[in-house]
Amino acid sequence: MATIIDGRAFAADLRARVGEAVAGLAARGVRPGLAVALVGDDPASGVYVRNKGKQTRAAGMNSFEHKLPADTGQDELLALVARLNADPQVHGILVQLPLPAHIDEAKVINAIRVDKDVDGFHFENVGRLSVGAEALPPCTPAGCLLLLRHQLGDLTGRHAVVIGRSNIVGKPVAQLLLRAHCTVTIAHSRTRDLPVVCRAADILVAAVGVPQLVKGDWVRPGATVIDVGINRVAAADLDAAGDAAGASGDAGASGDAGASGDAKPAGGATRLVGDVDFAAAQQVAGAITPVPGGVGPMTIACLLRNTLLAACRIHGIEAPAGL
Ligand code: GUN
């Protein structure tokens, strides 16, 4: 039976360490601030943003929430980003994705000041990550790496297979694994012989957004499985979910579902499941993250960490050790 990797406990510990470092900064007159902009009324995004606000305040930071209607124009959103860029109380800026279709996501992300880009999505930060320069890492991928290092220590030479090629998770997690000296394979919904590819993995990261896609016999005995998927499925459909979902492409996002709850659709019993068939995979894997309570809680914890690091950098303060 696999070791269950407790992301909830790890994230709580990380948030506590960030909180201590924030208290240390107060003595130097610096209080880190995170601004989040949410356009529209997507219920799941609304829950994520509320949780971000709560946890930001709990860590002793300022939280600024900007909720804008779904018909907000691109220029109006760009004007808000410009104000936040110039605001000395704001050290981190996050524009919640996805944005409504009439707004050019890349244009908005690239309008964020590079040193306040706590999502790590600005093209300059993406480039910096890929060439190994200093950059704030995207939060969910950073959370995956922290869990892997905690579980395995040095990752050098291990074969990591990432299923999913989204800009939010798949590609940046592959970059971080490469920086950690893994041999990295990026697979996706069109990869041929996906089970065979997965069975070669010492580390298997599933970030494809297909409920329970990864079966037990896709997992190499003793492998470490990181399940980034957060899929809400009807409880009754659960057995058929993996087949029914098909190749829906690559999941972009993850958030902190789990204990803090995500938006539940009305009517019918539902359950959160990952991209991995957990019951089967835990019989084979050496260690595995559950859903909920695995990677999900790490995302906001890493966002707080990035906000703290951004505040330190902006004020020319050395980053606290041990984060
Ligand atoms: N939507 C889902 N996950 C994320 C994230 O990590 N950052 C942003 N900006 N939007 C998201």
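Residues numbered from 1 in each chain as written. Predicted model: local features only at pLDDT ≥ 70, side-chain atom pairs only at ≥ 80, totals over all residues. Heavy atoms only, no water.

## Side note on the sheet that holds strand 2 (residues 33-39)
Next up, step 1: Strand order in the open sheet made by the three strands is 3-2-4, with parallel pairing throughout. Of all the strands in the sheet, just strand 3 (62-68) and strand 4 (92-95) have a single pairing partner and so form its edges. Put simply, the sheet's adjacent strands are angled 15° from each other on average, direction ignored.
Next up, step 2: As defined by bridge partners, strand 2 adjoins strand 4 across four bridges and the pair is classed as parallel. Bridge pairing in strand 4 places valine 36 opposite leucine 94.
Next up, step 3: Helix 2 (residues 43-58) contacts strand 2, strand 3 and strand 4 of the sheet and is inclined by roughly 160° relative to strand 3.
Next up, step 4: Contacts from helix 3 (residues 74-86) reach strand 2, strand 3 and strand 4 within the one sheet, and its direction differs from that of strand 4 by about 165°. (Pairing = 2+ DSSP bridges. Helix = DSSP H or I, 4+ residues; strand = E, 2+ residues; numbered from the N terminus. Axes fitted to C-alpha atoms, helices over the stretch in contact; angles between N-to-C directions. Contact = heavy atoms within 4.5 Å.)

## Concerning helix 3
Next up, step 1: Along its 13 residues, helix 3 runs 19 Å from first to last C-alpha, staying within 8% of the 18 Å computed at 1.5 Å per residue.
Next up, step 2: Of the residues making up helix 3, those classed as buried are Gln74, Leu77, Leu78, Leu80, Val81, Leu84 and Asn85. Along the long axis of helix 3, the arc covered by the buried residues comes to 155°, so they all point the same way. Relative to its buried face, helix 3 has exposed residues pointing more than 90 degrees away, namely Asp75, Arg83 and Ala86.
Next up, step 3: For helix 3, the secondary structure elements touched by its buried residues are strand 2, strand 3, strand 4 and helix 4 (105-109). (Expected span 1.5 Å × (residues − 1). Buried < 20%, exposed > 50% of the residue type's maximum accessible area, 1.4 Å probe, protein only. Arc of directions from axis to C-beta.)

## So, the pattern of salt bridges
Next up, step 1: Applying the stated criterion across every chain yields a total of six salt bridges.
Next up, step 2: Here arginine 17 and aspartate 13 are joined by a salt bridge, their closest N and O atoms 3.1 Å apart. You can see arginine 17 and its partner aspartate 13 sitting in helix 1 (residues 7-26), four residues apart, about one turn around the helix.
Next up, step 3: Between arginine 313 and glutamate 134 there is a salt bridge whose closest N-O contact spans 3.1 Å. Pair noted here: arginine 313 is in helix 11 (residues 296-314) and glutamate 134 is in the loop between helix 5 (123-131) and helix 6 (139-152), with a separation of 179 residues, a long-range link.
Next up, step 4: Judged by relative accessible area, glutamate 134 falls into the exposed class, the value being 53%.
Next up, step 5: Each of the salt bridges in this network shares a partner with another, and the network as a whole consists of Arg57, Glu65 and Lys67. (Salt bridge = Lys/Arg side-chain N within 4 Å of Asp/Glu carboxyl O.)

So yeah, pure geometry; function would need other evidence.
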